[in-house]
Amino acid sequence: KPDPDWVLHNGTIYLDPETKTHAVAFYKGEVQAVGEDVHIDRATEVLDLNGAFAYPGFHDGHVHLLPGSFVLDRLVLVGASSMRTIESKVESYAKENPDEPWIVGYGWVSDLTEDASGESLNEIVPDRPVLLVSNSAHQALVNRKALDLAGITKDTPDPEGGIIVKDPETGEPTGLLIEAALSLVSEVATGAYGDEAYQSGLEDQLATFVSGGVTSVSEILAAPGFDLARPWIYQDLDEADRLHTRI
């Protein structure tokens, strides 16, 4: 049997919820031996736990990591539950980030926000498109600039599975999009950014996951109305030896 690459010992090591041991030897990324079968003196590298405990990495079975890291790297609206709060945060963010091509935000609470509409955003940010995704990702607020870029007018029909909310009197879009209607604007917004804009936030979130013991995830590249299918970003990180999470 070949010598182990490295050994964990002198602690409580959980192999699964029901099995624990004091030492584990690894060879080429797999468990080679446990307990009394571990030969510490033959290991290339030894990690002494000094009485601490170790456990296998956690797996997140459903996460929108790439789209999530993108929006959380921008205007965070988590907890915002009124148009006044949303408007104030958008105004501050727009002033602090004059070079952002889009004002992208995430997290406003759709169930608690009364009279949700993008109309007031037209005055706050008249010259740049705004896309604010709700906490459930099933609704979004957009301004007139975003509607224009997406080609949405009073004559635009609702897409299958979605609703473009319109003023009952004028028929004009109010700037509230529901379900599949989000994709009409989100595709334009995400296309305005290159891979580097997604990669930086992604690496930060991956580091946060690893620090909490999450070492593998089932990535869902698409969120409702928000498709970020750029798997090559993960491939590029892996080839550069900067991907330390199993995807």
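Look a little higher up for the structure.
Parameters at a glance
- Residues numbered from 1 in each chain as written.
- Predicted model: local features only at pLDDT ≥ 70, side-chain atom pairs only at ≥ 80, totals over all residues.
- Heavy atoms only, no water.
- Buried < 20%, exposed > 50% of the residue type's maximum accessible area, 1.4 Å probe, protein only.
- Helix = DSSP H or I, 4+ residues; strand = E, 2+ residues; numbered from the N terminus.
- Right-handed = clockwise from strand over helix to strand, strands pointing away.
- Pairing = 2+ DSSP bridges.
- Phe/Tyr/Trp six-rings, centres within 6.5 Å; stacked < 30°, edge-to-face > 60°.
- Lys NZ or Arg CZ within 6 Å of the ring centre and 35° of its normal.
- Arc of directions from axis to C-beta.
- Contact = heavy atoms within 4.5 Å.
- Salt bridge = Lys/Arg side-chain N within 4 Å of Asp/Glu carboxyl O.
- Axes fitted to C-alpha atoms, helices over the stretch in contact; angles between N-to-C directions.
- Left-handed = near helix turned anticlockwise from the far one by under 90°.
- Nonpolar A, V, L, I, M, F, W, Y, C, P; charged D, E, K, R; others polar.
- Polar contact = N/O pair within 3.5 Å; in protein donor to acceptor, adjacent residues only side chain to side chain.

### Regarding the pairing of strand 8 (residues 103-108)
Part 1: Within strand 8, five of the six residues are buried, which leaves it mostly tucked inside the rest of the structure.
Part 2: Once you follow strand 7 (residues 75-76) into helix 2 (residues 83-96) and on to strand 8, the crossover reads as right-handed.

### A closer look at the sheet that holds strand 12 (residues 173-179)
Part 1: Strand order in the open sheet formed by six strands is 7-8-9-10-12-11, with mixed pairing between adjacent strands. In this open sheet, the two edge strands, each paired with only one partner strand, are strand 7 and strand 11 (162-166).
Part 2: Judged from the three bridges that link them, strand 9 (residues 130-134) and strand 10 (residues 139-142) form a sheet pairing that is antiparallel. Bridged to Leu132 within strand 10 is Leu141.

### Digging into the packing of aromatic side chains
Part 1: Applying the stated criterion across every chain, the model contains six aromatic pairs.
Part 2: Pairwise contacts between aromatic rings join Phe53, Tyr55 and Phe58 into one cluster.
Part 3: Stacked on the ring of Tyr193, the Lys or Arg Arg74 has its end atom at 4.8 Å from the ring centre.

### Side note on helix 5 (residues 182-190)
Part 1: Among the residues of helix 5, those classed as buried are Leu182, Val185, Ser186, Ala189 and Thr190. Take helix 5 and look down its axis: the buried residues cluster within an arc of 125 degrees, on one side only.
Part 2: Contact partners of the buried residues in helix 5: strand 9, strand 10, helix 4 (144-150), strand 12, helix 6 (195-211) and strand 15 (226-227).

### Quick word on the pattern of salt bridges
Part 1: A full pass over the atoms with the stated rule returns seven salt bridges.
Part 2: Where Arg242 meets Glu203, a salt bridge forms, and the shortest distance between an N and an O atom there is 2.6 Å. Of this pair, Arg242 sits in the segment after helix 7 (232-239) while Glu203 sits in helix 6, and the two are 39 residues apart along the sequence.
Part 3: Residue classification places Glu203 among the partly exposed positions, given a relative accessible area of 23%.
Part 4: Three or more residues joined by partner-sharing salt bridges are found here, namely Arg144, Asp148 and Glu172.

### Considering the packing of helix 6 against helix 7
Part 1: At a closest axis distance of 10 Å, the pairing of helix 6 and helix 7 adopts a crossing angle of 65 degrees. Helix-helix and strand crossings are classified by hand; for helix 6 and helix 7 the assignment is right-handed. Of the residues in helix 7, those touching helix 6 at Asp195, Tyr198, Gln199, Leu202, Glu203 and Leu206 are Trp232, Ile233, Tyr234 and Leu237.
Part 2: In terms of residue class, the contact of helix 6 with helix 7 is made up of seven nonpolar, one polar and two charged.

### Brief notes about the side chain of Ser69
Part 1: As for its placement among the helices and strands, Ser69 is situated in helix 1 (residues 65-72).
Part 2: With a relative accessible area of 3%, Ser69 lands in the buried category.
Part 3: Not counting residues up to four positions away in its chain, the partners in contact with Ser69 are His64, Tyr198, Gly201, Leu202 and Gln205.

### Things to note about the side chain of Ser117
Part 1: Residue placement: Ser117 occurs in the loop between strand 8 and helix 3 (121-124).
Part 2: Within polar-contact distance, the side chain of Ser117 engages the backbone oxygen of Thr174 at 3.0 Å.
Part 3: Discounting chain neighbours no more than four positions away, the residues touching Ser117 are Met83, Leu141 and Thr174.

### Focus: the pairing of strand 12
Part 1: With five of seven residues buried, strand 12 is to be regarded as a mostly interior element.
Part 2: Both strand 10 and strand 12 contribute to a ladder of three bridges, which runs antiparallel. Across the sheet, residue Leu141 finds its bridge partner in strand 12, namely Leu176.
Part 3: When strand 11 meets strand 12, the two strands line up antiparallel, connected through four bridges. Paired with Lys166 across the two strands is Pro173, which belongs to strand 12.
Part 4: Connecting strand 11 to the antiparallel partner strand 12 that follows it, the hairpin turn spans six residues, and Gly171 within it adopts a positive phi of roughly 80 degrees.

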